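Notes for the structure review
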Amino acid sequence: MSGIVCAIRGGPDSRSTIDHAISLAEETGLPLYFLYVVNLDFLAHTTSSRVQAISAEMHQMGEFILLSAQSAAAAKKLAAQGIVRHGKVVDEIINQCHEIKADYLVLGLPQGRDPENIFSKGQLQRFSERIEREAGAKVVLTGGIADE
Amino acid sequence: MNSRFLRALLVLIVIGVSLALVITRAHAQVETPEPERVIIGQVIDQQGQPVEAAEVMLKASGQTNPIAEASTQPDGRYTLILPSSNPISGSLSVDIQRAHFKDVDLELDASAIKDLRLGETVAMPVITLNRQINLAFWIATLTFVIMLLLIAADKLHNTLAALVGASIIFAFSYSSDLLGEGLFIFNFQGALHYVDWNVIFLVMGMMIVIAVVERTGIFQWLAFVAYQLSGGQAWLLVTILMIITGVASAFLDNVTTMLLMTPITVQIALALGINPLALLMPEVMASNVIGISTLIGTPTNILIGSYAHISFNGFLVNLTPGVILAMLGLTIYSQFAYRRELQVASEVSPLLLEKLSERAHITELDHLKKVGWVGAGMLILFIFGENVHLVPAVTALMGATVLLVWIKPDIEEMIEAVDWTTLVFFIALFIVVGSIQEVGLISMIADLIARLVGGSLLLTMLTVIWVSAIISTVIANIPFTAAMLPVIGYLSTIVPGAHSKVLFFCLAVGSALGGNGSLIGASANMVTAGISERAGYPISYMYFIKKGFPALLITVGLATLWLILRFLVLSPPPG
């Protein structure tokens, strides 16, 4: 198995990431996988008992976001698979790359306040090295800012 | 033969019992004690509030052991009963001791002593205890402030911060035997006195009911119905979503409502090509506003209702018109603030709409019907239960139990659905707030406010509403409200016309609607922002202030107008 994993989380910042992944899939002919990770860490400081119910809702929202990306790929006559995983974003991206023995990981650089989703240059470098070491995938970065 | 014997036996028993009664009565008459020599009185604090658990001792001059002793009751009253064996000679004094107050030693005058000798009851004048600021005062105050800061700065989980606070209070109190009396705040029994179990059980019961409701798919279905009703017109869609979210928040907790409404709202927005924030922000603000119209709509209302004995109807009657007014203002503001985002649904996706339609169905129709019946029953009990002194906590627990028995869900799952961390938070919070009440900080704050407002009800109302609203934008409104309750209780007794509990309604409005002023102002805001960010639409702190603070000014302003109309114009205080 091989392919391109494109980790997205929706929103305007994801558009360039999706487009880039589609272009890469067209160039390489590799299968494309859009990945959404359900991460509920934000509930830790508010409510812990609602995890089960909200997890299912977030899963559906993730599928919905992926459907948009899949539609964009379909418009280019490209079949893309949507995958929703649950857990820590970084860990689940690595797991997904590992599972399909991904050749490429396409990653956007979202702007946000969640420390887990902000990649400084140093963090990004370490993350890319980890991906390449553990999953053997080449990391392709698009959009966003990486200068924090 | 047998019956004759039984009859004779019965007669003997009756005679025997009668004789025994006569003898006992005669004996009792012979041994009638001398009239009791009794001293009664009442102890209050500087605010005129009764002081409970003060040790009252009657001492003879020159003696260290008391002749009689008693503790004051919740109404501050005490009764000293002098043993008949004790001859009354010389002078007598009543000593009163209470932690966190200065000792009082009051000598009985000659006529009181004479009355006692004659066996008459002596009524002492009301004794006022003065507060004593000692080390315990500063420990409790600092602990409370540190707890608030830890919560506000998000350094510790709310529950952990409150538990740390409670542990510090106990650690100092129980080390007072070794390190000095000045460290004592209260013991475990004293701390439990401050825990409002009505709140704990009400919250717990409602959590179980909510856990059943949230699995039925009702929110997802309602959101889709909102879309259908709007006919794809964004301005109408946001209005309907605000009403649905708000009404749900009036009966369920805001956090759960927003947890379930946010993902489906994001999906509707994406399908219609609208920025999800244009729907989510008005929704969460509506949730914070309409939640205050019922006793169970917000945790702050539950706290206020339990403390001030305000019924379900009390909130409904006194706040709902104000809430409707505030909602009108919020709806108009939302349409204006998001006019660009709501103008055109540019990229309506038939594929996404189809997907949305596929998912919009009730997943547990049978459960939903049962929830409907039980919910209706609970509503009736909430409304009419006060006539038979049925407290809301019991209604919530009964409703939850009926649901569990009727639906027979996995009981383990249901128990897990109870947010135990929140319940523990409430218990620990009550203890920490109780500690500042015990050492007198609350009384000092109440005194300060009373001096500032100078007895004007209007000024007091405005102060309570707006100060609560502004403070609730920066610190968690639950600990703030819990701390303010005794302050408001005191102000209600001294400000003319405030006995109508108007100040408690002002606190409800300020502390809950203040949540719209900032991202950290309400837990519902935080979970909405969390989900929204995970959909690629982050809500920053500044963004929330930019959109939320004007909403705070509008909604709190309109609710203030209503409260003034309701309590000062329509039902003006006597005099």
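Refer to the structure printed above.
In what follows, the accompanying structure is described.

Rules behind the numbers
- Residues numbered from 1 in each chain as written.
- Chains lettered and ligands numbered in written order.
- Predicted model: local features only at pLDDT ≥ 70, side-chain atom pairs only at ≥ 80, totals over all residues.
- Heavy atoms only, no water.
- Pairing = 2+ DSSP bridges.
- Helix = DSSP H or I, 4+ residues; strand = E, 2+ residues; numbered from the N terminus.
- Axes fitted to C-alpha atoms, helices over the stretch in contact; angles between N-to-C directions.
- Patch = residues over 30% accessible without salt bridge, like charges linked within 9 Å, V, L, I, M, F, W, Y side chains within 5 Å.
- Areas by Shrake-Rupley, 256 points an atom, 1.4 Å probe, with all protein chains shown as cover.
- Salt bridge = Lys/Arg side-chain N within 4 Å of Asp/Glu carboxyl O.
- Buried < 20%, exposed > 50% of the residue type's maximum accessible area, 1.4 Å probe, protein only.
- Expected span 1.5 Å × (residues − 1).
- Contact = heavy atoms within 4.5 Å.
- Polar contact = N/O pair within 3.5 Å; in protein donor to acceptor, adjacent residues only side chain to side chain.
- Phe/Tyr/Trp six-rings, centres within 6.5 Å; stacked < 30°, edge-to-face > 60°.
- Lys NZ or Arg CZ within 6 Å of the ring centre and 35° of its normal.
- Buried area = accessible area lost by both parts, 1.4 Å probe.
- Nonpolar A, V, L, I, M, F, W, Y, C, P; charged D, E, K, R; others polar.

Another point: the sheet that holds strand β6 (residues 104-107) of chain B. Residues and elements named next belong to chain B. Pairing in this open sheet of 4 strands is antiparallel, and the strands run β3-β2-β5-β6 from one edge to the other. Edge positions in the open sheet fall to β3 (68-71) and β6, since each of these has one partner strand only. Along the sheet, successive strands turn relative to each other by an average axial angle of 20 degrees, direction set aside. Pairing of strand β2 (residues 55-60) with strand β5 (residues 92-97) involves 6 bridges; the strand directions are antiparallel. Looking across to β5, one finds that Lys59 is bridged to Ser93.

Turning next to unusual backbone geometry. Positive phi values are uncommon outside glycine, yet Lys101 of chain A reaches one of about 50 degrees. Within the element layout of this structure, Lys101 of chain A appears in the loop between α3 (89-100) and β4 (104-108). The phi torsion at His100 of chain B lies on the positive side, around 75 degrees, for a residue other than glycine. With respect to the helices and strands, the residue His100 of chain B is situated in the loop between β5 and β6.

Residues and elements named next belong to chain B. A cluster of nonpolar side chains, namely Tyr174, Phe188, Leu192, Trp197 and Phe201, defines an oily patch on the protein surface of about 480 Å² accessible area. Broken down by secondary-structure element, the contributors of at least two residues to the nonpolar patch are α6 (188-192) and α7 (197-213). Its location among the elements puts Tyr174 in helix α4 (residues 158-174). With relative accessibility at 49%, the residue Tyr174 sits in the partly exposed group.

Once that is clear, we can look at helix α23 (residues 502-513) of chain B. Residue and element names in this part refer to chain B. Compared with the 16 Å implied by 1.5 Å per residue over 12 residues, the 16 Å span of α23 between its first and last C-alpha is a close match. Of all 12 residues in α23, 12 are buried, a share of seventy percent or more. Listed in full, the buried residues belonging to α23 are Val502, Leu503, Phe504, Phe505, Cys506, Leu507, Ala508, Val509, Gly510, Ser511, Ala512 and Leu513. Tucked into the core, α23 has its buried residues touching α11 (277-290), α12 (299-308), α13 (312-337), α21 (457-474), α22 (477-494) and α25 (541-570).

All names here are of chain A. Per the stated rule, a full pass over the model turns up 10 salt bridges over all chains. The closest approach of N and O atoms between Arg130 and Asp91, which form a salt bridge, is 3.2 Å. You can see Arg130 sitting in helix α4 (residues 121-134) and its partner Asp91 sitting in helix α3, a full 39 residues away along the chain. Residue classification places Arg130 among the partly exposed positions, given a relative accessible area of 28%. Note on Asp91: relative accessible area 32%, which makes it partly exposed. One connected set of salt bridges, linked through shared partners, spans Arg85, Glu92 and Glu99.

Right, let's talk about the side chain of Thr245 of chain B for a bit. Residue and element names in this part refer to chain B. Looking at the secondary structure, you find Thr245 in helix α9 (residues 234-251). Relative accessible area serves as the criterion here: at 0%, Thr245 is assigned to the buried category. Reaching out from Thr245, the side chain makes a polar contact with the backbone oxygen of Leu241 at a distance of 2.6 Å. Those residues in contact with Thr245, other than ones at most four positions away along the chain, are Thr257, Met258, Met261, Glu283 and Ser287.

All names here are of chain B. Across all of its chains, the model carries 13 aromatic pairs over all chains by this definition. Taken together, a centroid distance of 6.5 Å and an interplanar angle of 45 degrees make the contact between Trp197 and Phe201 tilted. In this pair, Trp197 and Phe201 are both assigned in helix α7, 4 residues apart and thus about one turn of the helix distant. Here Trp197 falls in the partly exposed class, since its relative accessible area comes to 39%. In this structure an aromatic cluster arises from ring pairing among Phe170, Tyr174, Phe186, Phe188 and Tyr194. Positioned above the aromatic ring of Phe336 is the side chain of Arg339, whose terminal nitrogen or guanidinium carbon lies 4.2 Å from the ring centre. The ring of Tyr338 has Lys547 lying over it, and the distance from NZ or CZ to the ring centre is 4.6 Å.

Chain B puts 43 residues into the contact, and the matching count from chain A is 33 residues. Of the roughly 3200 Å² buried between chain B and chain A, counting both surfaces, carbon and sulfur atoms make up 56%. Three residues, Arg359, Glu533 and Arg534 of chain B, lead the burial of chain B against chain A; their summed loss comes to 23% of the area buried on that side. Arg9 of chain A serves as the salt-bridge partner of Glu533 of chain B, at 3.7 Å between the closest nitrogen and oxygen. Across the chain B-chain A interface, the total number found is 6 residue pairs in polar contact (both at pLDDT 80 or more). Here the side of chain B that touches chain A gets 9 residues from one element, more than from any other, and that element is helix α10 (residues 254-272) of chain B. Residues that form the side of chain B that touches chain A fall into these classes: 22 nonpolar, 11 polar and 10 charged.

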